[in-house]
Amino acid sequence: MSPTSPASPARSASPASPESPKNPTTTRRLTTAQALVAFLARQYTERDGRRQRLISATWGIFGHGNVAGIGQALVEAGHGGNGGAHRMPYLQGRNEQAMVHAAVGYARQSGRLSAQAVTTSIGPGATNLVTGAALATINRLPVLLLPGDTFATRPADPVLQQLEVPYAGDVSVNDCLRPVSRYFDRITRPEALIPAALQAMRVLADPAETGAVTLALPQDVQAEAYDWPEEFFAERDWHIRRPAPDAYELETAVRAIRSARRPLIVAGGGVRHSAAEETLAAFTAATRIPVASTQAGKGALRHDHPADVGGIGHTGTATADELARTADLVIGIGTRFSDFTTASGTLFADPAVRFLHLNITAFDAHKLAALPLVADARAGLEALTAALAGRGYRVDPAYETEYTGAKEAWEERVEASFATPDPTARPTQTQVLGLLDDLVTEEDILINAAGSLPGDLHKLWRTRSRDQYHVEYGYSCMGYEIPAAIGVLLAAGTGQRTRPVWALVGDGTYLMNPTEIVTAVQENLPLKLLILQNHGYASIGGLSASVGAERFGTAYRHRDPDGGFTGPPLPVDLAANAASLGLRVLRAATVDDLRKALSEARDAEGPTCVYVETETPDTVSGPPPAQAWWDVPVAETASRPAAVKAREEYDRQVAARRRHL
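First, a word on what this report is: a plain description of the structure on this page.

1. Let's talk about the pairing of strand 7 (residues 115-120)
Turning to step 1, where the next piece is worked out: Within strand 7, 6 of the 6 residues are buried, leaving the element largely enclosed by the surrounding structure.
Turning to step 2, where the next piece is worked out: The side-chain alternation of strand 7 yields two buried faces, one formed by Ala115, Ala117 and Thr119 and the other by Gln116, Val118 and Thr120.
Turning to step 3, where the next piece is worked out: The pairing of strand 5 (residues 55-60) with strand 7 spans 4 bridges and is classified as parallel. Counted as the bridge partner of Ile55 is Ala115 from strand 7.
Turning to step 4, where the next piece is worked out: Pairing analysis gives 4 bridges linking strand 7 to strand 8 (residues 143-149), with the strands arranged parallel. Bridge pairing links Thr120 to Pro147 in strand 8.

Shown next, in the form of structure tokens:
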């Protein structure tokens, strides 16, 4: 089963095509749902001469709000049409939020050039979309949401699952999706679909504006017939533009770089979305400017590239963070500079530091009072490289020697974290990563989103390819990993060959959203699920201890007589649970067991789970500690000593924060 369409040479970016009717007044009588599905099956994106379906498939869970409309339309669309070229494949999900996560994973792996749709009923099916929509929009990843809605004609009021709002008759639960959508419309008449559908495609294909797009579909309108103009069903190519930088901004950027003594690049997700990795490597080869990476940007350079200094910010490497503290010019490329990247405004400490932001959105390019360079990441880097080529700029050799030496020293700390001196011992979390690091090649893809793993991965993981590192840290949503891995598998598989895709989860994340395991089993997708059992929320437990909350409510244990949770670990068997959902499960008790299980799982042709209980030392996972601060406010008044002490440390750290104006 493959819901994706192979890439093909691009045609003219125009609604006209060989299948366009000679008579533009010809109409086709279809329901609104049938028309929408037929329209979606004929939308394509084109960038750099490569063409693919914009909406490759539709995920769905059916209820009374969409079964007779979109559901019936998908039945028809799944059975041919133009020799199968305009089929709309259907994917069966188990949880609405998870379906969005799967679609987002697909979109990211597809380079934002192809997306998927998600249909739900009204009521809880629709509101379950909100978390996934927020994740998509925050991460600037396209997904089309098609929630059912209450009757537009209101023949019965209220209907099942309808939210009654006394002050507004035109509000439904779908309005919860407005603030987390880049585009929202409610289709209250069939003919209103035409402009709304075109706007939806525009936003999905816009590299600066993309995110979740919602078309709310009243259940009666879905089933209502209309005479649609044939032109609506013509194939359309949506060109993904690469805007070049403004000449004035480019010259200003060149002057800033040429005057910098200690420049540092911060590579974000925009490098990947633009497929600018090779262009970035060429730029660093010419200038020798070191490159640090955000969570979304990790992999912009391979880990062994001389200019790569690793992750930056609270979860970054000592190498990158020390360079950030002394940088006189910070060059952001495709990053939105979140608080983890800036260490809550404490990282970039040079009094005279300046910022230059290359970003496709002006909103991000102007952050931190930066010199803006509003452009596509690849187009902007190409322009910078060309403009600097004849002016002889390159960093001082002493600076290059400094950061390459610091990188070597950090690698020694990585090796120490990964080391497994006792093969019969229970592994720590970082040792688990070390064993995986020994096993994988550039083919493998790792997916994670929340807990202590993102910090360990950002500091320690040795990324071997541009798309190996898939950590969702814009929304850091527990439960993203398993469904996202399914989306990645659907996007990364080519014919009979499927790349190894690993979903790394702790027990807390697993319990949030394991339902799509059933989907992986149903589709026989070779998901490699790695469950690390540490009996609670390890990451938040460590944070809780640091802010004076004493790890309250973060352990999965029985209650003690005082009402806390310090009793024996809960007798929860996640491996048995995964097996009950259809996975083949490999249990590992020791380092040696785990090494063998990981190798066996990597070679497996079907969905497989590796389960291991990790050692939980006081440092939570055993990596080097945070190399930069993160602002989590601490109680200003407290009676317990832990909180009093934590507040003293907080006041010391917050004093270093500055606003870059």
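2. What to know about the packing of helix 16 (residues 429-439) against helix 23 (residues 591-603)
Angle between the axes and distance between the axes are the two parameters that describe a pair of packed helices.
Turning to step 1, where the next piece is worked out: In the contact formed by helix 16 and helix 23, the axes pass within 10 Å of each other and the chain directions differ by 45°. Classified by the angle between their axes, helix 16 and helix 23 sit oblique to one another. Handedness of the crossing formed by helix 16 with helix 23: right-handed. Seen from helix 16, the contacting residues are Gln431, Val432, Leu435, Leu436 and Leu439; seen from helix 23, they are Val591, Leu594, Arg595, Leu598, Ser599 and Arg602.
Turning to step 2, where the next piece is worked out: Here the contact of helix 16 with helix 23 is built from residues that sort into 7 nonpolar, 2 polar and 2 charged.

3. Focus: the pattern of salt bridges
Turning to step 1, where the next piece is worked out: Within this structure, the stated rule accounts for 43 salt bridges.
Turning to step 2, where the next piece is worked out: Close ionic contact of Glu277 with Arg466 constitutes a salt bridge, the shortest N to O distance being 3.0 Å. Note that Glu277 is positioned in helix 10 (residues 277-287) and Arg466 in the loop between helix 17 (453-460) and strand 20 (469-471), a separation of 189 residues in sequence.
Turning to step 3, where the next piece is worked out: With a relative accessible area of 34%, Arg466 lands in the partly exposed category.
Turning to step 4, where the next piece is worked out: Two residues, Arg426 and Glu613, come together in a salt bridge whose shortest N-O distance is 3.4 Å. Taken together, the residues span a long stretch of sequence, with Arg426 in the loop between helix 15 (397-418) and helix 16 and Glu613 in strand 24 (residues 608-613) at a distance of 187 residues.
Turning to step 5, where the next piece is worked out: Its relative accessible area of 34% is what places Arg426 among the partly exposed residues.

4. Re the side chain of His273
Turning to step 1, where the next piece is worked out: You can see His273 is positioned in helix 9 (residues 269-273).
Turning to step 2, where the next piece is worked out: Using a relative accessible area of 14% as the deciding quantity, one classes His273 as buried.
Turning to step 3, where the next piece is worked out: Setting aside residues up to four positions removed in sequence, His273 forms contacts with Arg47, Gly111, Arg112, Asn139 and Leu141.

5. Describing a nonpolar patch on the surface
Turning to step 1, where the next piece is worked out: On the surface, Phe62, Val67 and Tyr90 cluster together into a nonpolar patch covering about 240 Å² of accessible area.
Turning to step 2, where the next piece is worked out: As for its placement among the helices and strands, Phe62 is situated in the loop between strand 5 and helix 2 (67-77).

6. A few points about the nonpolar core
Turning to step 1, where the next piece is worked out: Counting residues in hydrophobic clusters, the biggest one holds 53 residues, and the most contacted among them are Trp59, Val118, Leu145, Tyr510 and Leu529.
Turning to step 2, where the next piece is worked out: Counting residues per element, this core draws most heavily on helix 18 (residues 481-492), at 8 residues.
Turning to step 3, where the next piece is worked out: Every residue in contact with Val118, bar those within four places of it in the chain, is listed here: Trp59, Met99, Val100, Ala103, Leu129, Val143, Leu144, Leu145 and Leu146.
Turning to step 4, where the next piece is worked out: In terms of nonpolar packing, the next biggest core, distinct from the first, is built from 52 residues, Val309, Leu347, Val353 and Ala370 among them.

7. A few points about the sheet that holds strand 6 (residues 90-92)
Turning to step 1, where the next piece is worked out: Strand order in the open sheet made by the 6 strands is 6-5-7-8-10-9, with parallel pairing throughout. Sheet topology places strand 6 and strand 9 (183-186) at the edges, where each strand pairs with a single neighbour. When strand polarity is set aside, the average angle formed by the axes of neighbouring strands in this sheet is 20°.
Turning to step 2, where the next piece is worked out: Pairing of strand 8 with strand 10 (residues 212-218) involves 5 bridges; the strand directions are parallel. The residue bridging Leu145 from the neighbouring strand is Thr214, located in strand 10.
Turning to step 3, where the next piece is worked out: Helix 3 (residues 96-109) rests against strand 5, strand 7 and strand 8 of the sheet, and its axis sits at about 170° to strand 7.
Turning to step 4, where the next piece is worked out: Helix 6 (residues 193-204) contacts strand 5, strand 8, strand 9 and strand 10 of the sheet and is inclined by roughly 160° relative to strand 10.

8. A look at the sheet that holds strand 23 (residues 584-588)
Turning to step 1, where the next piece is worked out: One open sheet accounts for 6 strands, arranged 20-19-21-22-24-23; its pairing is parallel. Edge strands, defined here as strands with exactly one partner in the open sheet, are strand 20 and strand 23. When the angles between neighbouring strand axes are averaged without regard to direction, this sheet yields 20°.
Turning to step 2, where the next piece is worked out: Where strand 19 (residues 445-448) meets strand 20, 3 bridges bridge the pair, whose relative direction is parallel. Opposite Leu446, over in strand 20, you have Tyr469 as the bridge partner.
Turning to step 3, where the next piece is worked out: Packing against the sheet, helix 17 makes contact with strand 19, strand 20, strand 21 (501-506) and strand 22 (527-533), and its axis sits at approximately 150° to strand 20.

9. Describing helix 23
Turning to step 1, where the next piece is worked out: Between its first and last C-alpha, helix 23 extends 19 Å over 13 residues, near the 18 Å set by a 1.5 Å rise per residue.
Turning to step 2, where the next piece is worked out: When we look at burial in helix 23, the residues that qualify are Val591, Leu594, Ala597, Leu598 and Ala601. Viewed along the axis of helix 23, the buried residues span an arc of 120°, placing them on a single side of the element. Facing away from the buried surface of helix 23 by more than 90 degrees, the exposed residues are Lys596 and Asp603.
Turning to step 3, where the next piece is worked out: Taken together, the buried residues of helix 23 touch helix 16, strand 21, strand 22, strand 23 and strand 24.

10. Points about unusual backbone geometry
Turning to step 1, where the next piece is worked out: Of note, the bond from Asp157 into Pro158 is cis; its omega dihedral lies within 30 degrees of zero at 10°.
Turning to step 2, where the next piece is worked out: Phi is positive for Asn524, which is not a glycine, with a value near 55°.
Turning to step 3, where the next piece is worked out: Note on placement: Asn524 falls in the loop between helix 20 (517-523) and strand 22.
Turning to step 4, where the next piece is worked out: The partly exposed category is assigned to Asn524, whose relative accessible area is 49%.

11. A word on the packing of aromatic side chains
Turning to step 1, where the next piece is worked out: For the coordinates displayed, the defined rule picks out 13 aromatic pairs.
Turning to step 2, where the next piece is worked out: Taken together, a centroid distance of 4.5 Å and an interplanar angle of 10° make the contact between Phe39 and Phe232 stacked. Of the two residues, Phe39 sits in helix 1 (residues 32-40) while Phe232 sits in the loop between strand 11 (225-229) and strand 12 (236-239), which places them 193 residues apart along the sequence.
Turning to step 3, where the next piece is worked out: Classification of Phe39 by relative accessible area gives buried; the value is 0%.
Turning to step 4, where the next piece is worked out: Take Phe232: its relative accessible area is 3%, and that puts it in the buried class.
Turning to step 5, where the next piece is worked out: Ring pairing ties together the aromatic residues Phe39, Tyr226, Trp228, Phe232 and Phe233, which thus form one cluster.
Turning to step 6, where the next piece is worked out: The ring centre of Tyr469 lies 5.5 Å from the NZ or CZ of Lys298, which sits over that ring.
Turning to step 7, where the next piece is worked out: Looking at Arg587, its charged tip hangs above the ring of Tyr611, at a distance of 5.7 Å from the centre.

What counts, and at which threshold
- Residues numbered from 1 in each chain as written.
- Predicted model: local features only at pLDDT ≥ 70, side-chain atom pairs only at ≥ 80, totals over all residues.
- Heavy atoms only, no water.
- Buried < 20%, exposed > 50% of the residue type's maximum accessible area, 1.4 Å probe, protein only.
- Helix = DSSP H or I, 4+ residues; strand = E, 2+ residues; numbered from the N terminus.
- Pairing = 2+ DSSP bridges.
- Axes fitted to C-alpha atoms, helices over the stretch in contact; angles between N-to-C directions.
- Parallel < 35°, antiparallel > 145°, perpendicular 65-115°, else oblique.
- Left-handed = near helix turned anticlockwise from the far one by under 90°.
- Contact = heavy atoms within 4.5 Å.
- Nonpolar A, V, L, I, M, F, W, Y, C, P; charged D, E, K, R; others polar.
- Salt bridge = Lys/Arg side-chain N within 4 Å of Asp/Glu carboxyl O.
- Patch = residues over 30% accessible without salt bridge, like charges linked within 9 Å, V, L, I, M, F, W, Y side chains within 5 Å.
- Areas by Shrake-Rupley, 256 points an atom, 1.4 Å probe, with all protein chains shown as cover.
- Core = buried A, V, L, I, M, F, W, Y, C linked by side-chain atoms within 4.5 Å.
- Expected span 1.5 Å × (residues − 1).
- Arc of directions from axis to C-beta.
- Phe/Tyr/Trp six-rings, centres within 6.5 Å; stacked < 30°, edge-to-face > 60°.
- Lys NZ or Arg CZ within 6 Å of the ring centre and 35° of its normal.

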